Amino acid sequence: MPKLICIIDMDKEKGLILTTEDKDGKILQTVKMDGEAITLEVKGDSATSTIVQKQDSVTVTCKSFVLKAETIEVTSTKASSWKSDDTFALESAKAFTVTTKDALTQKAAKDATFSSDEAVTLKAAKKFTVEGDDIQVEAKSGAVALKAPSVKAEGQKDIAMEGAQVTVTAKAKLGLKADGVAELKGGMVNVG
C-alpha cells in the first residue's frame, strides 16, 4: 500500500477541504464544502472526474460514467435532453417501447433503416404519407396488396404495369379512356 498524504483544512471563509494525495500513483482526491456546494474531485495524470452538488443541481463531469443497477427509473417534471457527440445506442433484451402524448419526430441526416426479424406494422388513425424521390415496394415471396374504398394511381409522365399475367376486373363498370391514341395489342385478342 502506498503512503498517502491526508490533509484536513477548515476555514471560516473557504469551508472544509479534505485532501488525500497518492504521490506514487500521482492521484489527488479532494472534497470541498464551501457553504454553497460540495465538490468531489479525483485528479490523475490522464483524466479528472468531478461531482458538484448544489442546492438545486448535481453535475458529474468525467471521462467514463458507468451506472449499474437491478432497476433504473428516471423521471423529470420538465424538459429532458440526451445528446451524444459520437455513436448512440439503445438496446433491450425484451420489449422496447417509445411513447409520447404529443408529436413524435425521428430524423436522420443520412440513411435511415427500420427493420424487424418478424412482422412490421405501420398504422395511422388519420392520414398516412410516404414520400421520396424514388419509392420501391417489394415482396420477396408473397403478394403486394392495396386495399381501400378508393384506390387512385396517377403518374405525371406515365404508369406502367407489367407481369407474366395481368388481370383487370371490375364488378360493376369498367372504363378505358385515352385523350390521345388508344392501342390494344396481343398475340391473340378476345373481346366478348
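Further up the page is the structure itself.
Every value quoted in this text rests on a predicted model; they were computed, and no experiment measured them. (Residues numbered from 1 in each chain as written. Predicted model: local features only at pLDDT ≥ 70, side-chain atom pairs only at ≥ 80, totals over all residues. Heavy atoms only, no water.)

Undergrad: Would you mind showing me how to read the sheet that holds strand 6 (residues 58-61) here?
TA: As a general point, the strands of a sheet are linked pairwise by backbone hydrogen bonds and lie either parallel or antiparallel. Read from one edge to the other, the open sheet built from six strands follows the order 1-2-3-4-5-6, with strand pairing classed as antiparallel. Both edges of this open sheet fall to strand 1 (5-11) and strand 6, since each of them pairs with a single strand only. The average angle at which neighbouring strand axes cross in this sheet is 5°, direction not considered. Here strand 1 pairs with strand 2 (residues 15-22) via seven bridges, running antiparallel. If you follow Asp9 over to strand 2, its bridge partner there is Ile17. (Pairing = 2+ DSSP bridges. Helix = DSSP H or I, 4+ residues; strand = E, 2+ residues; numbered from the N terminus. Axes fitted to C-alpha atoms, helices over the stretch in contact; angles between N-to-C directions.)

Undergrad: Even after reading the chapter, I still don't get unusual backbone geometry, so can you show me in this structure?
TA: As a rule of thumb, non-glycine residues mostly have phi less than zero, and peptide bonds are mostly trans rather than cis. Not every positive phi belongs to a glycine, and Lys26 is a case in point at roughly 55°. Inspection of the secondary structure puts Lys26 in the loop between strand 2 and strand 3 (27-33).

Undergrad: What's the story with the layout of surface pockets in this structure? I'm lost.
TA: Once rolled over the atoms, a probe with the size of a water molecule shows which space is left empty. Roughly 1,200 Å³ of internal volume is contained in the largest pocket. What lines the largest pocket is a set of 17 residues, among which Leu104, Gln106, Lys107, Thr113 and Phe114 lie closest to the centre. Along the lines of polarity and charge, the residues of the lining of the largest pocket split into seven nonpolar, seven polar and three charged. (1 Å grid on protein atoms, 1.4 Å probe; cavity = no way out; pocket = protein on both sides within 12 Å on 5 of 7 lines; lining within 4 Å. Points joined across faces, edges and corners; volume = space filled by probe spheres on them. Nonpolar A, V, L, I, M, F, W, Y, C, P; charged D, E, K, R; others polar.)

Undergrad: How should a nonpolar patch on the surface be read in this particular structure?
TA: Where nonpolar side chains cluster on the molecular surface, the patch consists of Met33, Ile38, Leu40, Ile51, Val58, Val60, Phe65, Leu67, Ile72 and Val74 and spans about 930 Å² of accessible area. Going through the elements one at a time, strand 4 (38-43) and strand 6 are the ones with two or more residues in the nonpolar patch. As for its placement among the helices and strands, Leu40 is situated in strand 4. The exposure class of Leu40 is partly exposed, given its relative accessible area of 40%. (Patch = residues over 30% accessible without salt bridge, like charges linked within 9 Å, V, L, I, M, F, W, Y side chains within 5 Å. Areas by Shrake-Rupley, 256 points an atom, 1.4 Å probe, with all protein chains shown as cover. Salt bridge = Lys/Arg side-chain N within 4 Å of Asp/Glu carboxyl O. Buried < 20%, exposed > 50% of the residue type's maximum accessible area, 1.4 Å probe, protein only.)

Undergrad: What is the right way to look at the pairing of strand 4 in this model?
TA: Successive residues of a regular strand alternate their side chains across the two faces of the sheet. When strand 3 meets strand 4, the two strands line up antiparallel, connected through six bridges. Note that in strand 4 the partner of Thr30 across the bridge is Glu41. Hairpin connection, strand 3 to strand 4: the antiparallel pair is bridged by four residues, and Gly35 has positive phi, about 95°. Pairing analysis gives six bridges linking strand 4 to strand 5 (residues 48-53), with the strands arranged antiparallel. If you follow Lys43 over to strand 5, its bridge partner there is Thr48.

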